[in-house]
Amino acid sequence: MHEVVVVGAGLAGLTCAVTPATTLAAAPDDEDLVRLELERLWSTSTREWDLLVRHHVAAALPAVPPPLALRRPVALGDGRFVAGDHRDTSSIQGAMASGRRVARAVAAHLGATR
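Heads up: these notes are all about the structure in this document. (Residues numbered from 1 in each chain as written. Predicted model: local features only at pLDDT ≥ 70, side-chain atom pairs only at ≥ 80, totals over all residues. Heavy atoms only, no water.)

## Concerning the overall build of the protein chain
Using the following cut-off: Under the DSSP-based scheme used, a helix requires at least four consecutive residues in state H or I and a strand at least two consecutive residues in state E, with every element numbered from the N terminus. Think of it in three bands: with a 1.4 Å probe and only protein chains considered, a residue is buried below 20% of the maximum accessible area for its type, exposed above 50%, and partly exposed in between. Residue contacts follow a heavy-atom distance rule, with two residues in contact if any of their heavy atoms lie within 4.5 Å. Only the protein chains shown count as cover for residues, and all accessible areas are computed by the Shrake-Rupley method using a 1.4 Å probe.
Within the protein chain one finds 2 helices and 5 strands. A total of 114 residues make up the protein chain; the buried ones form 24% of that total. Sequence-distant contacts, at least 24 apart, represent 41% of the contacts inside the protein chain between residues at least 6 apart. Summed over its atoms, the accessible surface of the protein chain is roughly 8,000 Å², and 58% of this surface lies on carbon and sulfur atoms.

What follows is the structure in structure tokens.
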């Protein structure tokens, strides 16, 4: 996982997972490849942007091989509930989304109306 922060007209950040299937896998430390990808993603030139920092985090997110099982059940029955990124997407966002779904499921289980 690479996180690159560059400065153009404002502050921009990019987090990219570098796997064998991506363009950046061949040379993950090549700033030019990252800039090309940023240009493609944001439809703008990055030539005038300054590199502020680059972090390499080897195991930032778990690998999720296909098929991706989105929105796995959070209510297991008998008043048991489970939350975590493994119930949605393997990310902080997935963990938060599953937590929200568990909160709603528990409220419904307890008969709360709202």
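## Observations concerning the side chain of Arg87
Short version of the rule: As used throughout, the charge tally considers Lys and Arg to be positive and Asp and Glu to be negative, leaving His and the chain termini uncounted. By salt bridge we mean one thing: a side-chain nitrogen of Lys or Arg within 4 Å of a carboxyl oxygen of Asp or Glu.
Tracing the chain through its elements places Arg87 in the loop between strand S5 (80-81) and helix H2 (92-109). No salt bridge is formed by the buried Arg87. Its closest oppositely charged neighbour is Asp88, at 7.1 Å. Excluding anything up to four places from it in sequence, Arg87 contacts Leu70, Arg71, Arg72, Pro73, Val74, Leu76, Val82, Ser98 and Arg101.

## Focus: the packing of aromatic side chains
What counts is decided by this rule: Note on aromatic pairs: the rings of Phe, Tyr and Trp (six-membered ring only in Trp) are paired at centre separations within 6.5 Å, and the planes decide the class, stacked below 30 degrees, edge-to-face beyond 60, tilted for the rest.
Using the criterion set out here, one finds 1 aromatic pair in the structure. Each ring, one from Trp42 and one from Trp49, has its centre 6.0 Å from the other, and the planes form 40°; the classification is tilted. What makes Trp42 partly exposed here is its relative accessible area of 37%.

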